[in-house]
Amino acid sequence: MSEDAKQGTSFSDKVDRRKFIGAAATMAGMLLLKPELVRGTDANSTVRVGLLGCGGRGTEDATHMIDTGGARVVALGDLFEDQLDKARENFNKIQQTKGYAALDTSQLFLGPNAFQQIAASKEVDAIVIATPPYYHPQHLEAVVAAGKHVYLEKPVAVDVPGAQKVIEIGKRAEGKLSLDVGFQIRDCPPFVEMVKRIHGGALGKIICGESHYFAGYLDRPAWPDATPVERRLRNWVYDRVLSGDIVVEQNIHVIDICNWVLKAQPLKASGSGGRQGRPADGDAYGNYNVLFHYPEGVDVTFSSTQIAKGWWEVTERFFGTRGTSQSPYTGPLGIWGEEPWQAEGSLSKGAERAAFSATGKFTSNLEFADREKKKAFVDSITSGNFHNQADTGAESALSCMMARTAAYTGREVTWEQTLKSTEKWDAKIDLNKLR
């Protein structure tokens, strides 16, 4: 990870941190694109995508760009050869039906330098980064420096200096290229409509909220022939430093929605958690219980598990002077009260409960989340109306880090204290010595 992260970056100047960068501000960045991508109308304007990190989530991201975004995967990069081979076979099969040629062997990048090689490829317009979160700032920096558009999976970092680094990188990208962060729910139609109504006053003054992410154990292969270091990297979701722990890596979706609804980050947090109920699979926690204090006296409780058996549920609820909202992954989604509204189909009786997906492939209320997110990303490139979601991604990651520190230390932690943290997490891994 880069060691020159700036410390103490302020959020005070982020008046428009959640707005897309307008087309008028992007003219200087047009030279980074093929001319046909700027026009967005040429028959050859398919965005050429490279996938860095060929696991389940990265494969889902890139596949959606092919299916709904008018993109083509032309390059792959991964630390492990079996991952690379599997992804190559998958994308060759998918893209054959569209008449695309098989991936060129010159665009398959293997090993610890794959992130630099794929970033440098002249055959690539945009790169999906779906590597272990510990490496996200380093990989993002290389991709942006190479002038490539980037879809960065959440979380943007695992520690505060890393999140601050992403903010810095985002400033370099502003107006020149699209930088999206993997919060697909912010593009999911029923959630977008619900939040629009909340921001329009449907709940009145929000008094308090409740949220949770109750998930089952993420079962991963044992990799009995792998070295301890290789096993850590392959099963990085079990590793606190590589993943950021479950509250930063998985639960961030819920906390991001809370920030979105309330149009703010929490001011402080107190919490608890532990590994109770988890197998001896690493050092990540199995549960969290957190109380977030938001501006204007709004408190939001949050709970999570990664050990639940027989049941899973993810939702947010907000209680206001005019109504109540609920936004589950599956089940009734909408607003009840003086201005009632429910998402079409979410109230269907007898609907089969969707299975939980570790790669983010959901149906029910999230059925169109990935489709719309990836389409919006590709459209931002072809239209020249570039996105810059670095600040939003960092803000939600920092909110989760604040909760994590509160749970680890057993004390209340403020936003200001979080921003001042200079602790850089160290995985103590040499990628050139996996065996």
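Everything numeric here is computed off the predicted structure, so don't read it as measured data. (Residues numbered from 1 in each chain as written. Predicted model: local features only at pLDDT ≥ 70, side-chain atom pairs only at ≥ 80, totals over all residues. Heavy atoms only, no water.)

On the basis of which strands lie adjacent, the open sheet formed by six strands has the order 3-2-1-4-5-6 and parallel pairing. Strand pairing shows two members of the sheet lacking a second neighbour, strand 3 (108–110) and strand 6 (179–181), which therefore form its edges. Each adjacent strand pair in this sheet contributes to an overall mean axis angle of 20°, direction not counted. Pairing geometry for strand 2 (residues 71–78) and strand 3, over three bridges, is parallel. Paired with L76 across the bridge in strand 3 is L108. (Pairing = 2+ DSSP bridges. Helix = DSSP H or I, 4+ residues; strand = E, 2+ residues; numbered from the N terminus. Axes fitted to C-alpha atoms, helices over the stretch in contact; angles between N-to-C directions.)

This part covers the packing of helix 5 (residues 136–145) against helix 6 (residues 160–173). In the contact formed by helix 5 and helix 6, the axes pass within 10 Å of each other and the chain directions differ by 10°. Relative to helix 6, the element helix 5 lies roughly parallel. Contact residues: helix 5 offers P137, L140, E141 and V144, while helix 6 offers G162, K165, V166, I169, R172 and A173. By residue class, the composition of the contact of helix 5 with helix 6 is six nonpolar, one polar and three charged. (Parallel < 35°, antiparallel > 145°, perpendicular 65-115°, else oblique. Contact = heavy atoms within 4.5 Å. Nonpolar A, V, L, I, M, F, W, Y, C, P; charged D, E, K, R; others polar.)

By the burial criterion, the buried members of helix 7 (residues 189–199) are P190, F191, M194, V195 and I198. An end-on view of helix 7 places all buried positions within 125° of arc, on one side of the element. Lining the buried residues of helix 7 we find strand 7 (206–216), helix 11 (252–262), strand 11 (313–320), strand 12 (323–326), strand 13 (334–337) and strand 14 (341–342). Just downstream of helix 7 lies G201, where phi reads positive at about 105°. (Buried < 20%, exposed > 50% of the residue type's maximum accessible area, 1.4 Å probe, protein only. Arc of directions from axis to C-beta.)

Turning our attention to the nonpolar core. Most often, soluble globular proteins have nonpolar side chains that are buried together. Residues L140, F292 and F302 are the most contacted members of the largest nonpolar core, which totals 83 residues. Top contributing element to this core by residue count: helix 13 (residues 390–409), with ten residues. With residues near it in sequence (within four places) discarded, F292 still touches I255, P266, K268, A269, V298, D299, V300, F302, S399 and A403. Core analysis: the next-biggest nonpolar cluster, separate from the first, contains 21 residues, L51, A62, L103 and V378 among them. (Core = buried A, V, L, I, M, F, W, Y, C linked by side-chain atoms within 4.5 Å.)

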